[in-house]
Amino acid sequence: KTISLVLLCVTMSNYQTFHSNSDDGVTPVLINSNTENEALLGNIENGTVDVSEIRKMNTNRQEHQTQVTWVQIMMNILIHCLLLIFTAYVIFISFSQGVFLFSWHPALMTLGYSIFMTEAILSFSENNLLARNRNFKWRVKFHWILQAIGCISITTGFIIILTNKFINDKPHFQTNHAIVGLVTIILTILVAVGGIWTKYSYDLRQYLRPVYAKIIHAVFGSALYILVVTTLILGMNSDYFERYSFKSAKWIGGFILIFTTFYILIKPITTSVSRFKTAFMRASL
């Protein structure tokens, strides 16, 4: 009976790790291999190991897997600092000549995308200090709250630029920045809808498997972020930005955006690949 109980505990512990990693987008792996389980059972028969020790071993291994190095911590801090500096500078330039209707457009759009949307994406990264040691359910909630705030900021900024164009009787969507920006807004709406679907993907599983919903959301979300960065870079090449900022500001801003993008999209891309492999393996069974 003791051996059966321990087998059940080990199996359930492995299943919980498998299930947790699957939800978090990590390739599922068992904490204990068959060899380790056999060794544990041998010790149990000798009376040298109990169930509580097995649970502690599994817990310690999970904690070890989520340890973050100083390099990762410093990189995370650097990314946040760079984005804060970039956003603060854009807001400063936006209001440097006074508070006008147009001033709110770059400020709100940059705030919505570079801060709220970015932090929402980073909430799923194990290296993110703001979401570290939080469970998957908490991260999902944190993610959609930040995305909701970001969408409000982005929508307001978009309405402001449309209103400003109407008031000043100027043509719409004539520049590369405006055209790519419009595509970005449209994709933002689609990704937001996909995010809602993903949140309730289990209830909608008869229409689309949850794993596929998550993959689609992550892929289109990554594509959206690349479009966002492109739009921001084009915005820094506009007459308004170049007129009121220092000469090399657009190059520094472009470097910050491209550098941080690689870091930010690592988790969504690797998660999508992992989930795709998992879905493919299950479909092949």
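Residues numbered from 1 in each chain as written. Predicted model: local features only at pLDDT ≥ 70, side-chain atom pairs only at ≥ 80, totals over all residues. Heavy atoms only, no water.

1. Describing the overall build of the protein chain
Within the protein chain one finds 10 helices and 0 strands. Traced from its N-terminal end to its C-terminal end, the protein chain shows the element sequence α-α-α-α-α-α-α-α-α-α. In the protein chain, which comprises 285 residues, the share counted as buried stands at 40%. Partitioning the intrachain contacts of the protein chain with sequence separation of at least 6 by distance along the chain shows that 70% fall at a separation of at least 24. Total accessible area on the protein chain is roughly 16,900 Å²; 68% of this is exposed by carbon and sulfur atoms. (Helix = DSSP H or I, 4+ residues; strand = E, 2+ residues; numbered from the N terminus. Buried < 20%, exposed > 50% of the residue type's maximum accessible area, 1.4 Å probe, protein only. Contact = heavy atoms within 4.5 Å. Areas by Shrake-Rupley, 256 points an atom, 1.4 Å probe, with all protein chains shown as cover.)

2. Some points on the packing of aromatic side chains
Inspection of every chain in the model, using the stated rule, returns 10 aromatic pairs. Taking the centre distance of 5.0 Å and the plane angle of 70° together, the rings of Phe102 and Tyr240 count as edge-to-face. Separated by 138 residues along the polypeptide, Phe102 in the loop between α4 (70-94) and α5 (104-122) and Tyr240 in helix α9 (residues 239-244) bring together distant segments of the chain. Following the ring pairs from residue to residue traces out a cluster consisting of Tyr89, Phe92, Phe241 and Phe246. If you follow Lys199 out to its NZ or CZ, it ends over the ring of Tyr200, 5.6 Å from the centre. The ring of Tyr202 carries the charged tip of Arg205 above its face, separated from the ring centre by 4.1 Å. (Phe/Tyr/Trp six-rings, centres within 6.5 Å; stacked < 30°, edge-to-face > 60°. Lys NZ or Arg CZ within 6 Å of the ring centre and 35° of its normal.)

3. Thoughts on the side chain of Thr188
Turning to its location among the elements, Thr188 is positioned in helix α7 (residues 176-199). Filtering out sequence-adjacent residues up to four positions away, Thr188 remains in contact with Tyr113 and Leu224.

4. A short note on the pattern of salt bridges
Scanning all chains against the criterion turns up 2 salt bridges. Linking Lys267 and Glu126 is a salt bridge whose minimum nitrogen-to-oxygen distance equals 3.0 Å. You can see Lys267 sitting in helix α10 (residues 249-284) and its partner Glu126 sitting in the loop between α5 and α6 (136-167), a full 141 residues away along the chain. Here Lys250 ties to Glu242 by a salt bridge, and the two come within 2.7 Å at their closest N and O atoms. Overall, the relative accessible area of 36% leaves Glu242 in the partly exposed class. (Salt bridge = Lys/Arg side-chain N within 4 Å of Asp/Glu carboxyl O.)

5. A closer look at the environment of Thr156
With respect to the element layout, Thr156 can be found in helix α6. Linking Thr156 and Met109, residues 47 residues apart in sequence, is a C-alpha distance of 8.2 Å.

6. Comments concerning the UniProt feature "transmembrane region" (unreviewed entry) in the protein chain
Under the UniProt annotation, "transmembrane region" (unreviewed entry) lies at residues 77-96, 102-124, 144-167, 179-200, 212-236 and 248-266. Annotated as residues 248-266, this span is 95% helix and 0% strand, and its ends, taken at the C-alpha atoms, are 28 Å apart. (UniProt positions renumbered as here; feature names shortened; annotations may be inferred.)

7. Brief notes about the environment of Gly112
When you line up the elements, Gly112 lands in helix α5. Overall, Gly112 belongs to the buried group, its relative accessible area being 0%. For the pair formed by Gly112 and Thr156, sequence separation is 44 residues and the distance between their alpha carbons is 9.7 Å.

8. Comments concerning the packing of α5 against α7
Orientation of α5 relative to α7, taken along the N-to-C sense of each, is 45°, at an axis distance of 14 Å. The angle between the axes of α5 and α7 places the two elements in the oblique class. Seen along the crossing, α5 lies across α7 with a hand that is left-handed. Along its contact with α5, which presents His105, Met109 and Tyr113, the element α7 presents His177, Thr184, Ile185 and Thr188. Taken together, the residues of the contact of α5 with α7 sort by class into 3 nonpolar, 4 polar and no charged. (Axes fitted to C-alpha atoms, helices over the stretch in contact; angles between N-to-C directions. Parallel < 35°, antiparallel > 145°, perpendicular 65-115°, else oblique. Left-handed = near helix turned anticlockwise from the far one by under 90°. Nonpolar A, V, L, I, M, F, W, Y, C, P; charged D, E, K, R; others polar.)

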